[in-house]
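Now for the letters of each chain:
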There are 4 protein chains.
Amino acid sequence: MSEPLVLTLSCADRPGITARVTSFLFERGGNILEAQQFNDRTSDAFFMRVEFDPANVGRAAIREGFASIATEYAMDWKLSLRDRPRRVLLMVSKFDHCLADLLYRWRIGELPMDPVAIVSNHPREAIEHTHLGEIPFHHLPVTRETKQEQEAQVRKIAEDTGAELVVLARYMQILSDEQAAHFSGRCINIHHSFLPGFKGAKPYHQAHERGVKMIGATAHYVTSDLDEGPIIHQAAEPISHADTPEELVRKGREIENRVLAEAVRLHLEERVLLNGKRTVVFRG
Amino acid sequence: MSEPLVLTLSCADRPGITARVTSFLFERGGNILEAQQFNDRTSDAFFMRVEFDPANVGRAAIREGFASIATEYAMDWKLSLRDRPRRVLLMVSKFDHCLADLLYRWRIGELPMDPVAIVSNHPREAIEHTHLGEIPFHHLPVTRETKQEQEAQVRKIAEDTGAELVVLARYMQILSDEQAAHFSGRCINIHHSFLPGFKGAKPYHQAHERGVKMIGATAHYVTSDLDEGPIIHQAAEPISHADTPEELVRKGREIENRVLAEAVRLHLEERVLLNGKRTVVFRG
Amino acid sequence: MSEPLVLTLSCADRPGITARVTSFLFERGGNILEAQQFNDRTSDAFFMRVEFDPANVGRAAIREGFASIATEYAMDWKLSLRDRPRRVLLMVSKFDHCLADLLYRWRIGELPMDPVAIVSNHPREAIEHTHLGEIPFHHLPVTRETKQEQEAQVRKIAEDTGAELVVLARYMQILSDEQAAHFSGRCINIHHSFLPGFKGAKPYHQAHERGVKMIGATAHYVTSDLDEGPIIHQAAEPISHADTPEELVRKGREIENRVLAEAVRLHLEERVLLNGKRTVVFRG
Amino acid sequence: MSEPLVLTLSCADRPGITARVTSFLFERGGNILEAQQFNDRTSDAFFMRVEFDPANVGRAAIREGFASIATEYAMDWKLSLRDRPRRVLLMVSKFDHCLADLLYRWRIGELPMDPVAIVSNHPREAIEHTHLGEIPFHHLPVTRETKQEQEAQVRKIAEDTGAELVVLARYMQILSDEQAAHFSGRCINIHHSFLPGFKGAKPYHQAHERGVKMIGATAHYVTSDLDEGPIIHQAAEPISHADTPEELVRKGREIENRVLAEAVRLHLEERVLLNGKRTVVFRG
C-alpha cells in the first residue's frame, strides 16, 4: 500500500458528483478505504471526504487529474497525505489542563500532530504542571497597548513554523478581528460552556447563578464574532444544586479536555468541513 | 406502618437544625425512611426533606408540635402525606406527546398524580393520539383579546378542582405576569431547548441554524420572566450535521418527554425546593 | 420527484464498487439523496446504503439493470421504496410500555410502519393502558405443551398479513430455535439489560444485587442463541445505591422504550445491515 | 473554623440514629457542613456521612465521646480530618494514561492525595509519557515464580509509607487472594469494560467481536473474586460499527481515566461505604 491520501471537497449539489469522484479514483487504480458524503438539502450543498490508497499513481498526478473535475463542479477541495502529522501551534494562558491533555495524547500517538510551538501570555514557569519537553515556548505577554504587536508576533511564529492549525487551549485572550480573519478556518477555541448559553467570561459562575442542571463545553472555529464561530463538537454533563462554582470548574475541566481533543483530532484528520456558519463532521 | 409523611423545610442555616428536626421526630416515635439536607454556603440557607413513618402519632399532633420549631427557625415548611396523589391540571396545545407520556406513566402507577382536568386552547378532537379517558377536558381558546378572561377560567378550574400543580405539557402559550404570579412555584413548563440557549420560539430551528452539536430540553417553574424560571431538570443529546430541523423536532420529543416527566415526578414527591431563582432537588 | 428508492447491499470488498454503483444510478438519471458506505477491514466486507430519486426510470428497470452488477460482485442486496410503510407484527406480554410507545410514534407519523397485527400471550383486556385501535389483536396463550402450535399460529399470522418485521416488545417468551430461524434477520427483541451483562430473567434484580452503577437496554435481532443475536442499538443511564429494584424497573422502562423505538426505526428505514454476528448501522 | 472532620458510619438500621449522631455533634458545638444518610431497606442497614466543623472541641474528645454511641449501635465507623491528603500507593504497568491523569489532577490540587510511591512491573523508563517527579518509583517485576515475593514487597512498601489506599491504575496483574484480602476495602482497580460484561483479558477486543454499541469502564474494590469486587463508579459511551478494536482502546482510555479518577476522589473524600458486595456512594 502506498501512503494513503485524503480528499475533501464541497460544492453546489448536482447529480453524479459521487460517481464522478469515485470513478476518477477507480480509473487511476485508487482503492477507497473510507468515504462519506452529505447532501445538505437546506443549502443544496454537497460535501465529501474520501480516504484512499493511491496505489501506483503519484499524488501529483492525482492532484492534476482531479483539478479539472474540481473546476467543472466549482469545488472547494483539498488533497493531502492522510498520515502526515499536521503542524500545530498551541496557545495557552495559565490554566494548562487542555494543553497537558493534548500533549499527552500526542506523545502516546493518539493525535497525529506535530506541535511546532507553544505561545503563552504567561512565562514558561507558569505552566508548571505540564511537561513541555523540547517544544519551542514563546512568552508573549499582551496588554491593550501591545496587542497589535503581539498578534503580529504570533502570526510570524505561525508562518515561520508552517503551522497549519492554531489551538487556543484555554488561551483566555480575545483575538482581534484581524487575527481571527487571518487564521480563519484553522484556529480552534474551547469555550467552557454549552454555547450559545453563557457566552463571555466566567461561564461556570454564570451557570451556577442561573441554576442550570447541566454544564458543557464547546469547541469551535474562531471568527471575529466572539463565541459565534462554527461549532465542531460539544458535550455536557449533569450537575446538581450541591455543586459550587469551584466544583463546576473542576467538572468542567474534564469536559473541556475531551471536547477540545476530539475537535482537534477531527480537524487533524480532515474530518471537519465548513458549511457557512456551521460544520459538517465526518466521523469514521 | 402508618401512612408515611414527608416534611420539607428551608431556613437560614445555623448549627443544630438537623439535630432539632430529627430529635423531634424520634421523640414522637417517628421512624425516618429517607432524609436529605443541603447547606447552601453561597446563600447560607438550609434545606431539608424527610420521609418518615409517624407510627402512632397523628399528623395533626406532629404538625402542631413542629410549628413551634418552624417558628423558632423561621422556616418555610410543608408536611404532607407522602403517598397521596397530588391533584394536577394539565395544559396542552396541539402537540400532545408530553401529555400522552404523562398520562401513560400515571396509568401504570409511575406518577403519583390525580389528573383533575386537561385544558387546551384546541378542541378535544385535536388531541387525537392520546387516550384522555374520563379526565374532564376544557377547550379554552385564547386570543390576545380573550387572554385575560381565558386565564381567569383556568384559575377557576384550578380552584374548583383543588389543583396543586399545573403542568404546561407543550402548552405553547405565554402566561401573563398575573397568571405566572398566581401559580408561582406550582406551575411547571417544558421548554424545548437547553436553556439559557435558544429562548423563545422555534428553538429547534434556531439550533439547526446555529449548527450546535447537541440539543436539549428544560423543565422549569413558570415565572413572569419568560424562560427564566427556576430550572428543575435538563437533559441533552448529541445531534449531527445531517439532522434536519424536522429530525431535531423528532429527537427532541423524546428528550422533552423524559425531562418533563422527571420534573413532574420530583415535584409530586416533594423533592424540589425553591432556592431563590434556583432549585434544590433531593433525589432518592 | 418520483418516489425515492433505497438500495442496500453488502459483498466482499474490492476496488471500484462505489464507483460502479453510483455511476449506474447516475447513468439512469438517478439523483442520490443520501449515501453511506463502510469497508470492514476486519472481515474485508463492503456495505452500502443509497437513497435516491429514480427520476423517470421505473423501479423494475433499475432492479433489472442492477441485478447484473449484483451478480458480478456477488452482492446481498435489496431495492425498495423508501417511503412505503413496512408491515409490522407486534408481540407483547403484559408489560405494554414498549407497545404503547411504538404505537404512539406510529400514530404521529414518526415510525414508518403499518402495524398489521398484535399478538399476545395475554388477553386483550390485559393490555389496559394502551390504545390498540383497529389493529387486529390475537390472543395466543402459550404453554410448554402448546408452544409448537402457538408458534405455527404466529407464523401463519405473519404470512397472512405479509409482515416484514416482527417486534418483540417485551414479549417475555423465548422463541424456539425453529421460530428464531424462521424470522432470522426480521425479528427484533428488546432485552432489558446492557448485554452481554445480565442475560436471562430479571436483569434489573440481577443489576441491583450486583451493585452496578448504570443500567441499560439492548435491541437485537433474535437468533436461536438467546440474548446473543446481532445488536442494533444500546443505551445506558446512571443509577445510585438508593435505587431499589422497583426503581430500576421504572428507570429501565424509559431506556427500553427509546432503544427499541430507535432500533425499529433504523430497521424500517433499511439502515441496519447484518455483518455476521454484528450489525452495520447507517445513521442519517 | 477549625479543621473540618468527616465522620462515616454504618450499622443495622433502627429509629433515632440520625437524631443521636447530629445531637451529639450539636451538643459539642460542632457545625454540620454536609450530611447524607441512607437506609437500605433490602438489608435493613443504615449508612451516614457527616462533614462538620468541630469548633473548639478537639478531635480526641469527639472520638472518645462518639465511641460510646458507636458501641451502643454496633457501628462500623471512622472519624478523620477532612482535608488531610490520604497517602496513596499507585501501581501501573506499561499503559500509563490513568497514572498520568491521576498525577495531573493531584498536581493542580484536584485530588486530595499524597502519592507516597509508584510500583510497576516495568522499569521506570517504560513510563515515558508521564512526569513522575520526586515520587519514589519501585520496579518490581513479577513472574509466576516470584509473585509471592513481589507481593510481599508491595505490602512492605505500603506499610513503610503508611499507604491508606492502593490504586491499580491499569496494573494488568492479577493480585493473589492473599494480597486482595490484605488490601481489602482499600485497593481500587479500573477494569476496562462495563462489568459484568467482558470480564477478563482484552475486553475491547471482546466488545468489538460481540458487536456492542457502547463501551464502558468500571472502578471497583479489589477482592479475591476477580472482576467481582464492589463497584464504585461506571461510565459508558456509544460506539459504532466503524470503530476498530484500536479505536475502542483509544476511546476507552478517556472513559477509564475519568471513571478511575472519580472513584479515587470519592474514596479519598470518604464518600464510599461498603454495603456487602455493593457500595453506598455519597456524592456532595
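Conventions we followed
Residues numbered from 1 in each chain as written. Chains lettered and ligands numbered in written order. Predicted model: local features only at pLDDT ≥ 70, side-chain atom pairs only at ≥ 80, totals over all residues. Heavy atoms only, no water. UniProt positions renumbered as here; feature names shortened; annotations may be inferred. Pairing = 2+ DSSP bridges. Helix = DSSP H or I, 4+ residues; strand = E, 2+ residues; numbered from the N terminus. Axes fitted to C-alpha atoms, helices over the stretch in contact; angles between N-to-C directions. Least-squares fit on C-alpha atoms with pLDDT ≥ 70 in both. Contact = heavy atoms within 4.5 Å. Buried area = accessible area lost by both parts, 1.4 Å probe. Salt bridge = Lys/Arg side-chain N within 4 Å of Asp/Glu carboxyl O. Parallel < 35°, antiparallel > 145°, perpendicular 65-115°, else oblique. Nonpolar A, V, L, I, M, F, W, Y, C, P; charged D, E, K, R; others polar. Phe/Tyr/Trp six-rings, centres within 6.5 Å; stacked < 30°, edge-to-face > 60°. Lys NZ or Arg CZ within 6 Å of the ring centre and 35° of its normal. Domains from an automatic or database assignment. Buried < 20%, exposed > 50% of the residue type's maximum accessible area, 1.4 Å probe, protein only. Polar contact = N/O pair within 3.5 Å; in protein donor to acceptor, adjacent residues only side chain to side chain.

Where an unreviewed UniProt entry is consulted, chain A appears under the name Formyltetrahydrofolate deformylase, with the organism given as Qipengyuania soli. Here chain A is described in UniProt, under the heading Pathway (unreviewed entry), as follows: "Purine metabolism; IMP biosynthesis via de novo pathway; formate from 10-formyl-5,6,7,8-tetrahydrofolate: step 1/1." Per UniProt, chain A has the following entry under Sequence similarities (unreviewed entry): "Belongs to the PurU family."

### A closer look at the sheet that holds strand β7 (residues 137-139) of chain C
Residue and element names in this part refer to chain C. Here we have 7 strands laid out as an open sheet, ordered β7-β6-β5-β8-β9-β10-β11, and mixed in their pairing. The open sheet has two free edges, formed respectively by β7 and β11 (231-238), since each of these has just one partner strand. The average undirected angle you get between the axes of adjacent strands in this sheet is 20 degrees. Inspection of the sheet shows strand β8 (residues 165-168) paired to strand β9 (residues 187-191) by 3 bridges, in the parallel sense. Residue pairing in the sheet places valine 167 in a bridge with isoleucine 188 of β9.

### Observations concerning the relation of the copies chain B and chain D
Each copy of the sequence occupies a distinct position, and chain B is placed on chain D by a rotation of 180 degrees and an axial shift of 0.0 Å, giving an RMSD of 0.0 Å. Taken together, the rotation and translation describe the operation of a two-fold axis. Rotation axis and chain B: the residue whose C-alpha lies nearest the axis is Ala19(B), separated from it by 2.7 Å. Mapped onto chain D, 100% of the interface residues of chain B again fall at the interface, so both copies present the same surface.

### Overview of the interface of chain B and chain D
Each side of the interface is counted separately: chain B has 20 residues, and chain D has 20 residues. A buried area of about 1500 Å², summed over both sides, lies between chain B and chain D, and 46% of it is on carbon and sulfur atoms. The tally of links from chain B across to chain D stands at 0 salt bridges. Elements with a contribution of two residues or more to the side of chain B that touches chain D: α1 (17-27) and β2 (31-40) of chain B. Here the element with the most residues in the side of chain B that touches chain D is β2(B); it accounts for 8 residues.

### Describing the packing of helix α7 (residues 245-268) of chain A against helix α7 (residues 245-268) of chain D
Remark: α7(A) packs on α7(D), axes separated minimally by 13 Å, with the N-to-C direction vectors making an angle of 175 degrees. The pairing of α7(A) with α7(D) is recorded here as roughly antiparallel in orientation. In this structure, α7(A) contributes Arg250(A), Glu254(A), Arg258(A), Glu262(A) and Arg265(A) to the contact, and α7(D) contributes Arg250(D), Glu254(D), Arg258(D), Glu262(D) and Arg265(D). Split by residue class, the contact of α7(A) with α7(D) holds no nonpolar, no polar and 10 charged.

### Let's talk about the relation of the copies chain B and chain A
At an RMSD of 0.0 Å, chain B and chain A line up after a rotation of 180 degrees and a shift of 0.0 Å along the axis. An overlap of 100% is found between the interface residues of chain B and their copies at the interface of chain A, pointing to a shared contact surface.

### Some words on the side chain of Glu110(D)
By the element assignment, Glu110(D) lies in the loop between α3 (97-107) and β6 (113-120). With residues up to four places along the chain from it excluded, the contact list for Glu110(D) reads Arg250(A), Arg253(A) and Arg105(D).

### What about the packing of aromatic side chains?
All names here are of chain A. Applying the stated rule across the entire model yields 14 aromatic pairs over all chains. Three or more aromatic residues link up through ring pairs in this structure, and these residues are Phe24, Phe66 and Trp77. Residue placement shows arginine 14 over the ring face of tyrosine 73; its charged tip is 4.1 Å from the ring centre.

### Considering the domain arrangement of chain A
Residues and elements named next belong to chain A. Each assigned domain of chain A is listed here: domain 1 (5-81) and domain 2 (86-281). A C-alpha centroid distance of 31 Å is found between domain 1 and domain 2. At the interface, 16 residues of domain 1 touch 9 residues of domain 2. Its largest share of buried area at the contact with domain 2, domain 1 owes to Thr8, Phe47 and Arg49, together 45% of the area lost on that side. The partner of glutamate 270 in a salt bridge is lysine 78, with the nearest N and O atoms 3.1 Å apart.

### With respect to the UniProt feature "active site" (unreviewed entry) in chain A
Residues and elements named next belong to chain A. Taking the UniProt record as the reference, the feature "active site" (unreviewed entry) is found at Asp227. Tracing the backbone through its elements, the reader meets aspartate 227 in the loop between β10 (214-221) and β11 (231-238). For aspartate 227, a relative accessible area of 6% corresponds to the buried category. A polar contact is formed between the side chain of aspartate 227 and the side chain of histidine 191, at a distance of 3.4 Å.

### Focus: the environment of His97(A)
In this structure, His97(A) sits in helix α3 (residues 97-107). Here His97(A) falls in the buried class, since its relative accessible area comes to 4%. The spatial distance from the C-alpha of His97(A) to the C-alpha of Glu254(A) is 8.6 Å, given a sequence separation of 157 residues. Among all residues touching His97(A), those that are not within four sequence positions of it are Arg170(A), Arg253(A), Glu256(A), Asn257(A) and Tyr104(D). There is a polar contact of 2.7 Å between the side chain of His97(A) and the side chain of Glu256(A).

### Regarding the interface of chain B and chain A
Taken together, the 31 residues of chain B in the interface contact 31 residues of chain A. Among the residues chain B hides against chain A, the three largest losses belong to Arg210(B), Lys213(B) and His241(B). Together they make up 28% of the total. Across the contact surface, chain B and chain A share 2 salt bridges. Note that Glu228(B) is salt-bridged to Arg210(A), the shortest N-O span being 3.4 Å. Taken together, the links from chain B to chain A amount to 14 residue pairs in polar contact (both at pLDDT 80 or more). At the level of secondary structure, the elements contributing two or more residues to the side of chain B that touches chain A comprise α6 (203-210), β11 (231-238) and β13 (278-281) of chain B. For the side of chain B that touches chain A, the element with the highest residue contribution is β11(B), accounting for 6 residues. For the side of chain B that touches chain A, the residue count by class is 15 nonpolar, 9 polar and 7 charged.

### Digging into the UniProt feature "domain: ACT" (unreviewed entry) in chain A
When the UniProt feature table is mapped onto this chain numbering, "domain: ACT" (unreviewed entry) sits at residues 6-86 of chain A. Across residues 6-86 of chain A, helical content stands at 32% and strand content at 41%; the span's end C-alpha atoms are separated by 13 Å.

### Some remarks on the sheet that holds strand β9 (residues 187-191) of chain D
Residues and elements named next belong to chain D. Overall, mixed pairing links the 7 strands, which are arranged β7-β6-β5-β8-β9-β10-β11 in an open sheet. What marks the edges here is a single partner per strand, and that holds for β7 (137-139) and β11 (231-238). Along the sheet, successive strands turn relative to each other by an average axial angle of 20 degrees, direction set aside. Bridge count for strand β10 (residues 214-221) against β11 is 7 bridges, and the pairing is antiparallel. Across the sheet, the residue bridging to histidine 220 is isoleucine 231, located in β11.

### Overview of the pattern of salt bridges
One pass over the structure, following the stated rule, counts 111 salt bridges over all chains. Between Arg253(A) and Glu110(D) there is a salt bridge, and its shortest N-O distance comes to 2.7 Å. Taken together, the residues Arg253(A) in helix α7 and Glu110(D) in the loop between α3 and β6 connect one chain to another. Judged by its relative accessible area of 12%, Glu110(D) falls in the buried class. Close ionic contact of Glu110(D) with Arg105(D) constitutes a salt bridge, the shortest N to O distance being 2.8 Å.

### Section: the environment of Ala67(D)
Relative to the helices and strands, Ala67(D) resides in helix α2 (residues 59-73). Placed 32 residues apart in sequence, Ala67(D) and Ala35(D) show a C-alpha to C-alpha distance of 19 Å.

### Quick notes on the pairing of strand β3 (residues 45-53) of chain B
All names here are of chain B. Burial of β3 is extensive: 9 of the 9 residues sit out of reach of the surface. Side chains Ala45, Phe47, Arg49, Glu51 and Asp53 of β3 all project onto a buried face; the interleaved residues Phe46, Met48, Val50 and Phe52 project onto the opposite face, where all are buried too. Sheet analysis places strand β1 (residues 5-12) next to β3, joined by 8 bridges and oriented antiparallel. Bridging from a neighbouring strand, threonine 8 pairs with arginine 49 of β3. With 9 bridges connecting them, β2 and β3 associate as antiparallel partners. The partner of glutamate 34 across the bridge, within β3, is glutamate 51.

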